[in-house]
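Summary of the model geometry
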Amino acid sequence: MTITLSRRQILSAGTLAGAALLCPDIALAGSATADWTLGIADVEGDIAPRALRRVAGRAPTGLVGTLYRNGPAKFRRGGTSSGHWFDGDGLMRAFRFADDGTAHLAARFADTPKRRQEAKLGRMAVPGFGTKSGAGAIVSGPDDTNAANTSVILSGGELLGLWEAGSPLRMDPVTLETKGMKTYRTDLAQLPFLAHPRVEPDGRIWNLSLSGKTALVWRIGANGALEAAQTIALPRASYMHDFTATARHLVIVLQPWIQDKFSLPFVDSLSWRPEQGTQVLVVDKDDLTRRRLFELPAFSFFHLADAWEESDGTIRFDGCIEATPKFGIEGAPGLVRGEHVRTPMPLLAMIALHANGHATLTPTSVAAEFPRTNARLAGLPRRHTVHVGLYRPDRPLAQGVGVWDWGKGRDDAYDFGARHLVEEFVFVPRAGASAEMAGWIIGNTVNLDARATELHVFDAQHVSRGPMCTWRADFALPVGFHGTFVSA
Ligand SMILES: [Fe+2]
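For every chain, the first residue of the written sequence is number 1, and numbering continues from 1 onward in sequence order. With the structure being a predicted model, the display of local features is reserved for residues of pLDDT at least 70 and the display and counting of side-chain atom pairs for 80 or more, all residues being used for whole-chain, interface and lining totals. Water and hydrogen atoms were dropped before computing side-chain values, which therefore reflect all heavy atoms in the structure.

Let us look at the overall build of the chain. For helices the rule is a DSSP run of H or I covering at least 4 residues; for strands it is a run of E covering at least 2, with both sets numbered from the N terminus onward. Secondary structure assignment for the chain yields 3 helices and 33 strands. Two things to know: the radius of gyration comes from C-alpha atoms, and the globule rule equals 2.2 Å times the number of residues to the power 0.38. Expected size for 488 residues packed as a compact globule is a radius of gyration near 23 Å; at 21 Å, the chain falls within 12% of this value. By its C-alpha atoms, the chain is 55 × 55 × 45 Å across when sized along the principal axes. Counting over 488 residues, the chain shows a buried share of 60%. Whether two residues are in contact is decided by their heavy atoms: any pair within 4.5 Å suffices. Contacts in the chain between residues at least 24 apart in sequence constitute 60% of all its contacts with a sequence separation of at least 6. Put simply, the chain shows about 17,900 Å² of open surface, and 50% of that area lies on carbon and sulfur atoms. Just so you know, the count uses Lys and Arg for positive and Asp and Glu for negative, and it drops His and the chain ends. Where a charge lies is defined by one atom per residue type, namely NZ (Lys), CZ (Arg), CG (Asp) and CD (Glu). Both charge centroids of the chain, one from 52 positive and one from 50 negative side chains, sit 2 Å from each other. Relative accessible area decides the class of each residue, using a 1.4 Å probe on protein chains only: under 20% of the type maximum gives buried, over 50% gives exposed, and in between gives partly exposed. In short, Shrake-Rupley with a 1.4 Å probe defines the accessible areas, and a residue's cover is counted only from the protein chains shown.

For the rest of this paragraph, the subject is the environment of Ala-137. In this fold, Ala-137 is placed in the loop between helix H2 (113-121) and strand E8 (151-155). Excluding residues within four positions of it along the chain, Ala-137 makes contact with Gln-117, Leu-121, Ala-125, Val-126 and Pro-127.

A few words now on the sheet that holds strand E15 (residues 226-233). Within the open sheet, the 4 strands sit side by side as E12-E13-E14-E15. Their pairing is antiparallel. Each of the sheet's edge strands pairs with one partner strand only, and the pair in question is strand E12 (198-199) and E15. In terms of strand pairing, strand E13 (residues 205-211) meets strand E14 (residues 214-220) through 7 bridges, oriented antiparallel. When the bridges of E14 are listed, Ser-209 appears paired with Leu-216. A pair of strands is considered paired only if DSSP assigns at least 2 bridges between the two.

A word on the coordination of the iron ion. For Na, K and Ca the donor cut-off is 3.2 Å; for every other metal, N, O and S atoms count as donors within 2.8 Å. Water does not enter the count, which can leave sites looking incomplete. With distances of 2.1 Å, the protein atoms coordinating the iron ion are His-196 (NE2), His-241 (NE2), His-303 (NE2) and His-482 (NE2). Each label reflects the angles at the metal, where four donors whose angles all fall between 85 and 135 degrees are tetrahedral, four or six donors whose opposite pairs open beyond 155 degrees and whose other angles stay between 65 and 115 are square planar or octahedral respectively, and the rest are irregular. Note that the iron ion binds 4 donor atoms; their angles at the metal cover 91 to 166°, and the shape is irregular. Counting gaps between the donor residues of the iron ion yields the pattern H-x44-H-x61-H-x178-H. With His-196 in the loop between strand E11 (178-181) and E12 and His-482 in strand E33 (residues 482-487), the pair connects residues that are 286 residues apart, well separated along the chain. Each of the two residues, His-196 as well as His-482, counts as buried.

This part is about the sheet that holds strand E31 (residues 452-459). With respect to topology, 5 strands assemble into an open sheet ordered E2-E32-E31-E30-E29, the strand pairing being antiparallel. The strands lining the two open edges of the sheet, one partner per strand, are strand E2 (53-57) and strand E29 (420-429). Direction aside, the axes of adjacent strands within the sheet are offset by 20° on average. Looking at chain direction, E31 and strand E32 (residues 469-472) are connected through 4 bridges and run antiparallel. Across the sheet, Leu-455 pairs through a bridge with Trp-471, a residue of E32. Axis definition: a line fitted to C-alpha atoms, over the contacting stretch in the case of helices. Angles run 0 to 180 degrees between N-to-C directions.

Right, let's talk about the packing of aromatic side chains for a bit. Any Phe, Tyr or Trp ring, taking Trp's six-membered ring, that has another such ring centre within 6.5 Å forms a pair; planes under 30 degrees apart are called stacked, those over 60 apart edge-to-face, and the others tilted. As enumerated under the stated definition, the model contains 24 aromatic pairs in all. Consider the ring centre and the ring normal. A charge sits over the ring if Lys NZ or Arg CZ is within 6 Å of that centre and within 35 degrees of that normal. Geometry around Phe-109 places Arg-115 over its ring, the cationic atom sitting 3.7 Å from the centre. The cationic tip of Lys-182 hangs over the ring face of Tyr-184; the distance from NZ or CZ to the ring centre is 5.1 Å.

A few words on the pattern of salt bridges. For this document, the term salt bridge refers to a Lys or Arg side-chain nitrogen within 4 Å of an Asp or Glu carboxyl oxygen. Applying the stated criterion across every chain, the model contains 32 salt bridges. Two residues, Arg-395 and Asp-35, come together in a salt bridge whose shortest N-O distance is 2.8 Å. Of this pair, Arg-395 sits in the loop between strand E26 (384-389) and strand E27 (400-405) while Asp-35 is found in the loop between helix H1 (7-13) and strand E1 (47-51), placing the two residues 360 residues apart along the sequence. Linking Arg-337 and Glu-339 is a salt bridge whose minimum nitrogen-to-oxygen distance equals 2.8 Å.

What follows is about the side chain of Asp-459. Among the structural elements, Asp-459 can be located in strand E31. With no salt bridge to any partner, buried Asp-459 finds its closest opposite charge in Arg-465, at an N-O distance of 5.2 Å. As used in this structure description, the phrase polar contact means that two N or O atoms lie within 3.5 Å; if the pair is within protein, one of them must be able to donate a hydrogen and the other to accept it, and residues adjacent in sequence are counted only when both atoms belong to side chains. Polar side-chain contacts of Asp-459 include one of 2.8 Å to the backbone nitrogen of Gln-461. Other than its neighbours up to four places away in sequence, Asp-459 contacts Gly-439 and Met-468.

Here the focus is the environment of Gly-224. Structurally, Gly-224 is set in the loop between E14 and E15. Placed 99 residues apart in sequence, Gly-224 and Ala-125 show a C-alpha to C-alpha distance of 34 Å. Excluding its chain neighbours within four sequence positions, the residues that come into contact with Gly-224 are Ser-155, Gly-156, Lys-182 and Tyr-184.

Where the residue is not glycine, phi is negative for most of them; where a peptide bond is considered, it is trans in most cases. Cis geometry marks the peptide bond from Leu-264 to Pro-265; its omega dihedral reads 0°. You can see Pro-265 is positioned in the loop between strand E18 (257-259) and strand E19 (270-272). With phi around 45°, Ala-148 is a residue other than glycine that occupies positive phi space. Relative to the assigned elements, Ala-148 resides in the loop between H2 and E8.

Quick look at the structure:
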């Protein structure tokens, strides 16, 4: 069934991302001076391009290009603070790997209306996922609250800083200068655009706008031009940070974190209703009216990996599932206050949707977040998932990175130790290689002893051996969210 959805409906629904229900019984495992708060510190300005210092190993031959990474980096102004980790101003980082083995870093804030307004006011005032509106905030549409702080893709030659409840932000891929909000079609201006679009191996992008029980499905060509935008009905209004896709189907996971009203901060709009279970809606890419619905036990999640289909019609995908959404409600707001709120560990899990309508959920014992895969196999059968993990009980963020092998049921992991905060790692295939994991995984940590951001490269087939090469900046950037590698 296709239904119509007006821009006014979506704007009035104000699908912002997040919210902080601050419970009085928060269990504090940290303090305002806990060492890990370096990973949630403020950056006061843009970072001009500069060389990184190689501190270990040798740069691998053939890794040439740029790792773009996005994440919040400014949370506090004038004695006020963002109410949630998801609401800080986006800082776009560019880690550039040159063919002479050197690496460079530049970073630039997303120059959003939100950031401009708060700089002028001298305080954090714009409402968000978990931040209340402050005095003087003027919000006339979703992009007035857009932090452009979650992820990044390169599409049609444009670097797009992604949030989830407003437009992509166009940035220059060389200078990182903000060029303005991306409008694919004037009647679609300011519509939400999830920070986790699914990109087919040929470059076609699928994404969703969410508004209650309605989703707009975006289809964008490899050249960056809009091919189609069509609404579909959803069986429930559910919080959704990510979805997934096979080569033929969109796979939309509807957790029982239900939007039953609209309020700001947005997280206050959501209620956890585990008795309703989790649903998975499968939609045919070629005909969005063709759909199947599967039922699973209740779980919460932020991130999924790519899906694929097997010869018997089974659809499989993995994700990092949580027993409840407590991290989004209490854990992530606590980080900004320097408080470690203990929340259920995310576990890497496999979900199978069988042709007979039965669905199964099989968790591993691996605590994991930020699942990434070989992008050349997006929507196709694969065996490996890159993830961060190796959490410690007294730390709110990851300390290790691994590659899980679904065939062997084994994790090839490396523990950086308690003195590192580990960010998402991405897989980069080696040119000319065909094996699924022939290539590197690259990403950052915050080294708490050196008080510096580090850039690491691993052989993706031998992660437990440790980094092949590590470079270090002279300063620490806060922990970011998501990135993408663009080959030179
Ligand atoms: Fe995400």
